[in-house]
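A look at the structure
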Amino acid sequence: EKAQKEQKNILVYFSGSDWCSYCIRLEQSAFDDPDFYDLVGDKFVFINIDFPRYKALPPEETKRNEELRDEYNISGFPTVILMHPRKEIIAITGFLPLQGDDYAKHLLQLIDDETAFSEESDDINTSDISSEDLETLYMKATDLGNESIAKKILKKGLQSSNPLFFQIENYRILIDETQQDSKEAIDLRQKLTQKIPESKKEALALKEAHFNLALIDFAHAMKNPHLRKDLNKTLLPLKNYLALYEE
């Protein structure tokens, strides 16, 4: 609410303040440096989401922090997320061996890059962009952590003349969202596995797609405790890929 009222971007800092060595280094070298706040102190609303090991937080704060960690898929510390006032992600970063002023400039550069990229992607739906260029834009959007633009590019890519990369990405997202049993995921997997290549180039691309498909299914099986107990079921996606290509 404060960010929207003041129209400031948000800096969310996920940390392990009393055990994470890189968190401690980031705080000492950048966040505790007065030069950092001279440059960006009035440009962000700062939020610290802490996961200490040697001090107890109030139960309600611990619960809130865990919910935010899960919401933003935080897998390591330190993680710094920059957001627009309405909480759309601008970029995700972390520890860099920089002093306060340079780390502040790094954050400002991330915002400039996202602004430029947003302007570049505004005409995606109206312009004729090749599948290769869409793939490049998509990877840039995911690197920036900009989910809204990534989804827009994904939708466009699925409608392109060469949608293979985007079909695999769409399948990956469905699996990550535990929709592996949905009709969309089942139909997409069937479409990918039954596709017949029309050229040697397409055959090579399809082989790579099938490999990525097998990796996605294998990773999903590894996360499933029921499947993980059965080694044959866990390895089945990789075995099917090897059998398909006789490798």
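Each remark here, short or long, concerns the structure printed above.
Below you will find a few notes about this structure. (Residues numbered from 1 in each chain as written. Predicted model: local features only at pLDDT ≥ 70, side-chain atom pairs only at ≥ 80, totals over all residues. Heavy atoms only, no water.)

Turning to the pattern of salt bridges, a few remarks are in order. Across all of its chains, the model carries 7 salt bridges by this definition. Among the ionic pairs, Lys 63 bridges to Glu 67, the shortest N-O distance being 2.6 Å. Here the residue Lys 63 and the residue Glu 67 both occupy positions in helix α4 (residues 59-71), the gap between them amounting to 4 residues, near one helical turn. Across the pair Asp 217 and Arg 189 runs a salt bridge, and its minimum N-O distance is 2.7 Å. Placement of the pair is Asp 217 in helix α10 (residues 200-223) and Arg 189 in helix α9 (residues 183-194), with a sequence separation of 28 residues. (Salt bridge = Lys/Arg side-chain N within 4 Å of Asp/Glu carboxyl O. Helix = DSSP H or I, 4+ residues; strand = E, 2+ residues; numbered from the N terminus.)

With that settled, consider the nonpolar core. One finds Phe 31, Val 80, Leu 82, Tyr 103 and Leu 107 to be the most contacted residues of the largest nonpolar core, which totals 19 residues. Broken down by secondary-structure element, the contributors of at least two residues to this core are β1 (9-15), α2 (21-31), α3 (34-40), β3 (79-83), β4 (89-94) and α5 (100-121). Here this core gets 5 residues from one element, more than from any other, and that element is α5. Not counting residues up to four positions away in its chain, the partners in contact with Leu 82 are Ile 10, Leu 11, Phe 44, Glu 88, Ile 89, Ile 90, Ala 91, Leu 107, Leu 110 and Ile 111. Within the second largest apolar cluster, 13 residues are counted, among which are Phe 117, Ile 124, Ile 129 and Ile 149. (Core = buried A, V, L, I, M, F, W, Y, C linked by side-chain atoms within 4.5 Å. Buried < 20%, exposed > 50% of the residue type's maximum accessible area, 1.4 Å probe, protein only. Contact = heavy atoms within 4.5 Å.)

Attention now moves to the environment of Ile 24. Looking at where Ile 24 falls in the secondary structure, it is placed in helix α2. Here the alpha-carbon distance between Ile 24 and Phe 95, two residues 71 residues apart in the chain, equals 9.7 Å.

It is the contact of α9 with α10, at a shortest axis distance of 10 Å, that shows an interaxial angle of 140 degrees. Between α9 and α10 the crossing geometry is left-handed. Every residue of α10 that contacts α9 at Arg 189, Leu 192 and Thr 193 is listed here: Leu 206, His 210, Leu 213 and Asp 217. (Axes fitted to C-alpha atoms, helices over the stretch in contact; angles between N-to-C directions. Left-handed = near helix turned anticlockwise from the far one by under 90°.)

Next up on the list: the sheet that holds β1. Taken in spatial order, the 4 strands make up an open sheet running β2-β1-β3-β4, and their pairing is mixed. Two strands lie at the open edges of the sheet, namely β2 (44-50) and β4, each paired on one side alone. Direction aside, neighbouring strands of the sheet carry axes that sit 15 degrees apart on average. Pairing analysis gives 5 bridges linking β3 to β4, with the strands arranged antiparallel. Looking at β4, one finds that Leu 82 is bridged to Ala 91. In this fold α4 packs onto β1 and β2, with an angle of close to 105 degrees to the strand it touches most, β2. Most of the contacts of α5 go to β4, to which it runs at about 145 degrees, and overall it touches β1, β2, β3 and β4. (Pairing = 2+ DSSP bridges.)

Counting buried residues in β4 gives 5 out of 6 residues, a clear majority hidden from the surface. Here β3 hands over to β4 after 5 residues, with Lys 87 in that stretch at a positive phi of 75 degrees.

Turning to its location among the elements, Thr 93 is positioned in strand β4. Judged by its relative accessible area of 15%, Thr 93 falls in the buried class. Polar side-chain contacts of Thr 93 include one of 2.9 Å to the side chain of His 106. Excluding its chain neighbours within four sequence positions, the residues that come into contact with Thr 93 are Pro 78, Thr 79, Val 80, Tyr 103, His 106, Leu 107 and Leu 110. (Polar contact = N/O pair within 3.5 Å; in protein donor to acceptor, adjacent residues only side chain to side chain.)

Our next topic: the packing of aromatic side chains. If you walk through the whole model with that rule in mind, you get 17 aromatic pairs. Taken together, a centroid distance of 5.0 Å and an interplanar angle of 55 degrees make the contact between Tyr 22 and Phe 95 tilted. Taken together, the positions of Tyr 22 in helix α2 and Phe 95 in the loop between β4 and α5 put the pair 73 residues apart, joining distant regions of the chain. Between Tyr 138 and Phe 166, the ring centres sit 5.9 Å apart and the planes meet at 80 degrees, which makes this aromatic pair edge-to-face. In this pair, Tyr 138 is assigned in helix α6 (residues 131-144) and Phe 166 in helix α8 (residues 164-176), connecting sequence segments 28 residues apart. This pair shows no difference in class: Tyr 138 is buried, exactly as Phe 166 is. Through successive ring pairs, a cluster of aromatic residues spans Tyr 13, Phe 31, Phe 36, Tyr 37, Phe 44, Phe 46 and Tyr 103. Its guanidinium or amino end placed over the ring of Trp 19, Arg 53 lies 3.7 Å from that ring's centre, counting from NZ or CZ. (Phe/Tyr/Trp six-rings, centres within 6.5 Å; stacked < 30°, edge-to-face > 60°. Lys NZ or Arg CZ within 6 Å of the ring centre and 35° of its normal.)

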